[in-house]
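Here are the chains, one letter per residue:
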Number of protein chains: 2
Amino acid sequence: MIEDKNQEKTGLDQLGEFGLIKHLTKNFTLQHSSTLKGIGDDAAVLDFKDKKAVISTDLLIEGVHFDLSYMPLKHLGYKSVMVNLSDIYAMNATATQITVSIAVSNRFPLEALEEFYSGVALACEIYKVDLVGGDTTSSTKGMLVSVTAIGEAKEGEIAYRSGAKPNDLLVVSGDLGGAYCGLQVLEREKEVFKVNPNNQPDLSPYTYIVERQLKPEARRDIKGLLEMLEVLPTSMIDISDGLSSEILHLCDKSEVGCNLFEDKIPLDPTVISACEEFKMDSTLVALSGGEDYELLFTIDQKDFPKIKGNPHLTVVGHMTDKSEGVHLISRSNTKIPITAQGWNSFS
Amino acid sequence: MIEDKNQEKTGLDQLGEFGLIKHLTKNFTLQHSSTLKGIGDDAAVLDFKDKKAVISTDLLIEGVHFDLSYMPLKHLGYKSVMVNLSDIYAMNATATQITVSIAVSNRFPLEALEEFYSGVALACEIYKVDLVGGDTTSSTKGMLVSVTAIGEAKEGEIAYRSGAKPNDLLVVSGDLGGAYCGLQVLEREKEVFKVNPNNQPDLSPYTYIVERQLKPEARRDIKGLLEMLEVLPTSMIDISDGLSSEILHLCDKSEVGCNLFEDKIPLDPTVISACEEFKMDSTLVALSGGEDYELLFTIDQKDFPKIKGNPHLTVVGHMTDKSEGVHLISRSNTKIPITAQGWNSFS
């Protein structure tokens, strides 16, 4: 097949800001009765009636949070939405609306932005959220994305970081460390590509972990699962910076301590084999890797029988009195203080 | 006075992301009963009961939307909030909460961010809005700001862009063109400063227009004023890109035409003299200058006696049938089609 290297690219200046917004959002349909007005006015109008509204926002910068040399723009659009929805789900709330703002330099043609928005659209469709606003502008360098997500919940349902009590069980959804392992694979392939651009890497053994990095899924299902199991989480947070950082947040806000058991941390076999290959400690990867977008929450001990054996949920520890501190109990039964500070974008 | 050139500056990496957010937001207090939970969890929690929620977002990029060589960071913080509140007021709604995200490169010490947030705090205090969330991260180049504002309104009060009818009067708050004239003064002083850094410019004749550029005020008062006058606007928009662009938006969404009268456009005397000095046409400046953050709205003709003579409001034209098009009626009574496309950040 002969590739047409001269495919027409559309300069963003041909459309102007308003034309661009109209063009990029024309295929978005509104799904929520709470969305009274979406894009196209000074502000979106939302109707929450007797429910509580929940709001969260994130900023993603090229070269800091993502690398377009291996992150396809459609995936970036999808992931940008996931990062925010994950925060809404971490309140035990239902995500209902998002706003997406992007700034791009002149090197991006319209087609690149269309790719990005197709990822946003896919996320909106699968996760049943309405795109209700945003801003599109130029940047002096690179691309950046700002997403704000809005959700709703009944008052009694909302899970704050501050509700954990001593003896509550600490539960995590899914498995951990995959996104970080996927990043290592992608970084290695990027270096290989620099040396030999004709090399076609075989990423098939790494499918799961590469997907965890490039196309993470937020845990929309956990709220419904817990409702079905009749379990009300006492506190909740999402795992964006790594398990240790999130545990410290829960302990700080709830004023409790925690014992985390190393042998309970859920790891996918692909993560274990990638850790062996890259000579990384799998526990450390789960503790500090980040970007898994799983949910970490606490439940009352009496609810243990309800979640026991559920393939989506793993009890990894229990909360203690604050004075006992925050510890990892290793496989060899050693108590190691958890002090990791999560990912610091300034260092 | 001897200036201490070696003042201690605090590197952002010393605090980490969470420490930084905590530090920057520790002096913000919550003012709204609808703010159930502000900063410090995965998402803010808002309670709107039987009111409608309104949401708007904007992205501001250094080198595109602001120039730190003459924009003090405190003013930037203040203006970033104003830009968004203006969108909420343009829905005839009350602003209640904001989220503020910033990304900065390593060249910014903590003290710079404190300056920025002191401007945000001042805006929150004066405009009675709660800061409820945000994201703070590093950028590879320069500074960028993303603000999302949330407001509330009763259903019947909300003014969309789409409600204008033929024969409605077109009304503008305050006066126009000041922010653009202020920008011209600042750009000129920047060039002078480059040539002679010791030159101390006398900006006192330009105080009003420089303030319009550096420290704009959003029209929070108009909603209350119209309520007091018992006038319900049929459509509304804020003037961020210039009068002509906003008129075209109203006409487009409302499917009407418009006659705008050149001699009715409200101009401050400082704007008229600056236009003479800079050899600019004052009508063109009002039409295309932008950043005035005044409100443009339509009212039913029967309400004219209620607003007549009000010092805050000026009738500048009237809406017509769509087939009549959108025109400026010049001082010499010539009909000139309005085609300006507003400010295009990509060109």
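Cut-offs used in this document
- Residues numbered from 1 in each chain as written.
- Chains lettered and ligands numbered in written order.
- Predicted model: local features only at pLDDT ≥ 70, side-chain atom pairs only at ≥ 80, totals over all residues.
- Helix = DSSP H or I, 4+ residues; strand = E, 2+ residues; numbered from the N terminus.
- Rg over C-alpha atoms; globule rule 2.2 N^0.38 Å.
- Buried ≥ 20, exposed ≤ 12 C-beta atoms within 10 Å, placed from the backbone.
- Contact = placed C-beta atoms within 7 Å.
- Pairing = 2+ DSSP bridges.
- Least-squares fit on C-alpha atoms with pLDDT ≥ 70 in both.
- Core = buried A, V, L, I, M, F, W, Y, C linked by C-beta atoms within 7 Å.
- Axes fitted to C-alpha atoms, helices over the stretch in contact; angles between N-to-C directions.
- Expected span 1.5 Å × (residues − 1).
- Domains from an automatic or database assignment.
- Nonpolar A, V, L, I, M, F, W, Y, C, P; charged D, E, K, R; others polar.
- Parallel < 35°, antiparallel > 145°, perpendicular 65-115°, else oblique.
- pLDDT = per-residue confidence, 0-100.
- Arc of directions from axis to C-beta.

Participant: Sorry if this is basic, but what is going on with the overall build of chain A here?
Facilitator: Counting its regular elements, chain A contains 10 helices and 14 strands. Taken over the C-alpha trace, chain A has a radius of gyration of 21 Å; the compact-globule value for 347 residues is 20 Å, and the two agree within 12%. Summarising its shape, the C-alpha atoms of chain A cover approximately 65 × 55 × 35 Å along the three principal directions. Burial analysis of chain A (347 residues in total) assigns 52% to the buried set. Counting only contacts in chain A whose residues sit at least 6 apart along the sequence, the fraction spanning at least 24 positions is 86%.

Participant: What is the right way to read the interface of chain B and chain A from this model?
Facilitator: Where the parts come together, the accessible area they lose is often given as the size of the interface. Listed by partner, the interface residues are 59 residues for chain B and 59 residues for chain A. When residues in the side of chain B that touches chain A are grouped by element, the largest group, nine residues, is from strand β3 (residues 52-61) of chain B. By the bridge criterion, four bridges tie strand β3 (residues 52-61) of chain A to strand β2 (residues 44-47) of chain B in an arrangement that is antiparallel. Bridge pairing links A:Ile55 to B:Ala44 in β2(B).

Participant: Teacher, can you tell me more about the relation of the copies chain B and chain A here?
Facilitator: Mapping chain B onto chain A is achieved by rotating through 180° and translating by 0.0 Å along the same axis, at an RMSD of 0.0 Å. Taken together, the rotation and translation describe the operation of a two-fold axis. Relative to the rotation axis, the C-alpha of B:Lys49 is the closest in chain B, positioned 2.8 Å from it.

Participant: Can you walk me through the nonpolar core in this structure?
Facilitator: Considering soluble globular proteins, one finds that nonpolar side chains tend to be buried as a cluster. Counting 199 residues, the largest nonpolar core has A:Val54, A:Leu85, A:Leu144, B:Val54, B:Leu85 and B:Leu144 as its most contacted members. Aside from chain neighbours lying at most four places away, what touches A:Leu85 is A:Ala95, A:Tyr127, A:Val129, A:Ala149, A:Ala218 and A:Arg220.

Participant: It is not clear to me how the sheet that holds strand β14 (residues 335-337) of chain B should be interpreted in this structure. Could you clarify?
Facilitator: Sheets are built from strands that pair by backbone hydrogen bonding, the pairs being arranged parallel or antiparallel. Residues and elements named next belong to chain B. Judged by pairing direction, the sheet is mixed, and its seven strands sit side by side in the order β9-β11-β8-β12-β10-β13-β14 without closing on themselves. Strand pairing shows two members of the sheet lacking a second neighbour, β9 (235-239) and β14, which therefore form its edges. Strand after strand, the sheet turns through a mean of 25° between neighbouring axes, direction not considered. With four bridges connecting them, strand β10 (residues 257-261) and strand β12 (residues 313-320) associate as antiparallel partners. By the bridge assignment, Leu-260 is partnered in β12 with Gly-317.

Participant: How should helix α4 (residues 178-195) of chain A be read in this particular structure?
Facilitator: Count 3.6 residues to each turn of an α-helix, and residues three or four apart come out pointing the same way. Residues and elements named next belong to chain A. With 18 residues, α4 should reach 26 Å at 1.5 Å per residue; the first-to-last C-alpha distance of 26 Å fits that figure. For α4, the complete set of buried residues consists of Gly-178, Ala-179, Tyr-180, Cys-181, Gly-182, Leu-183, Val-185 and Leu-186. The secondary structure elements touched by the buried residues of α4 are α5 (207-214), α8 (269-277) and α9 (282-288).

Participant: I'm lost on the sheet that holds strand β14 (residues 335-337) of chain A in this one. Help?
Facilitator: All names here are of chain A. Read across the open sheet, the seven strands follow the order β9-β11-β8-β12-β10-β13-β14; overall the sheet is mixed. If you trace the sheet from one side to the other, it starts and ends with β9 (235-239) and β14, each paired once. Recorded for the sheet is a direction-independent mean angle of 25° between the axes of neighbouring strands. Sheet analysis places strand β10 (residues 257-261) next to strand β13 (residues 326-329), joined by four bridges and oriented parallel. Note on β13: the bridge partner recorded for Cys-258 is Val-326.

Participant: I tried to follow unusual backbone geometry on my own but got confused; where do I start?
Facilitator: As a rule of thumb, non-glycine residues mostly have phi less than zero, and peptide bonds are mostly trans rather than cis. Residue and element names in this part refer to chain B. In this structure, Lys-128 is a non-glycine residue whose phi angle is positive, near 55°. Within the secondary structure, Lys-128 is located in the loop between α3 (110-127) and β5 (130-133). At Glu-255, a position not held by glycine, the phi torsion is positive, near 55°. Relative to the helices and strands, Glu-255 is located in the loop between α7 (243-254) and β10. Given 12 C-beta atoms within 10 Å, Glu-255 falls into the exposed group.

Participant: It is not clear to me how the domain arrangement of chain A should be interpreted in this structure. Could you clarify?
Facilitator: All names here are of chain A. One can read the domain layout of chain A as domain 1 (12-157) and domain 2 (169-337). A separation of 26 Å is found between the C-alpha centroids of domain 1 and domain 2. Between domain 1 and domain 2, the residue contacts involve 17 residues of the former and 18 residues of the latter. No other element matches the nine residues that helix α2 (residues 73-89) contributes to the side of domain 1 that touches domain 2. Of the residues belonging to the side of domain 1 that touches domain 2, the class tally is 10 nonpolar, five polar and two charged.

Participant: Whenever I open this one, the packing of helix α4 (residues 178-195) of chain B against helix α5 (residues 207-214) of chain B confuses me. Can you help?
Facilitator: Think of two packed helices as two axes; the pair is described by the angle between the axes and how far apart they sit. Residues and elements named next belong to chain B. Contact pair α4 / α5: the axes reach a minimum separation of 7 Å and the direction vectors enclose 100°. Considered as vectors, α4 and α5 are oriented roughly perpendicular to each other. Taken together, the residues of α5 that come into contact with α4 (itself represented by Gly-178, Ala-179, Cys-181, Gly-182, Leu-183, Val-185 and Leu-186) are Tyr-208, Ile-209, Val-210, Arg-212, Gln-213 and Leu-214. Residue composition of the contact of α4 with α5, grouped by class: nine nonpolar, three polar and one charged.

Participant: Help me out: how do you make sense of the confidence of the model for chain A in this one?
Facilitator: Residue and element names in this part refer to chain A. When the pLDDT values of chain A are averaged, the result is 88; 92% of them are 70 or greater. Segment residues 1-5: pLDDT under 50, and zero contacts once partners within four positions in sequence are set aside and those in other chains are kept. Reported confidences for the modelled complex are a pTM of 0.87 and an ipTM of 0.84.

Participant: Please clarify how the pairing of β9(B) should be interpreted in this entry.
Facilitator: For a regular strand, side chains alternate in direction, first toward one face of the sheet and then toward the other. All names here are of chain B. Here β9 lies mainly inside the structure; five of its five residues are buried. One ladder, built from five bridges, connects β9 with strand β11 (residues 294-299); its direction is antiparallel. In the sheet register, Met-236 faces β11, and the bridge partner there is Phe-297.

Participant: What exactly am I supposed to notice about the environment of B:Thr35 here?
Facilitator: Residue and element names in this part refer to chain B. Inspection of the secondary structure assignment puts Thr-35 in strand β1 (residues 35-37). You can call Thr-35 partly exposed: it has 19 C-beta atoms within 10 Å. Taking the C-alpha atoms as reference points, Thr-35 and Asn-259, 224 residues apart in sequence, are found 43 Å from one another. Sequence-distant contacts of Thr-35, defined by excluding residues within four places in its chain, comprise Leu-30, Leu-46, Gln-97, Asp-130 and Val-132.

Participant: Just to check I follow, could you spell out helix α6 (residues 221-228) of chain B for this structure?
Facilitator: Residue and element names in this part refer to chain B. Taken together, the buried positions of α6 are occupied by Ile-222, Lys-223 and Leu-226. Looking straight down α6, one finds its buried side chains confined to an arc of 105°; they lie on one side. Among the exposed residues of α6, those pointing more than 90 degrees away from its buried face are Gly-224, Glu-227 and Met-228. Close packing links the buried residues of α6 with α2 (73-89), β4 (94-104), β8 (169-173) and β11. Downstream of α6 by a residue or two, Glu-230 has a phi angle that is positive, lying close to 60°.

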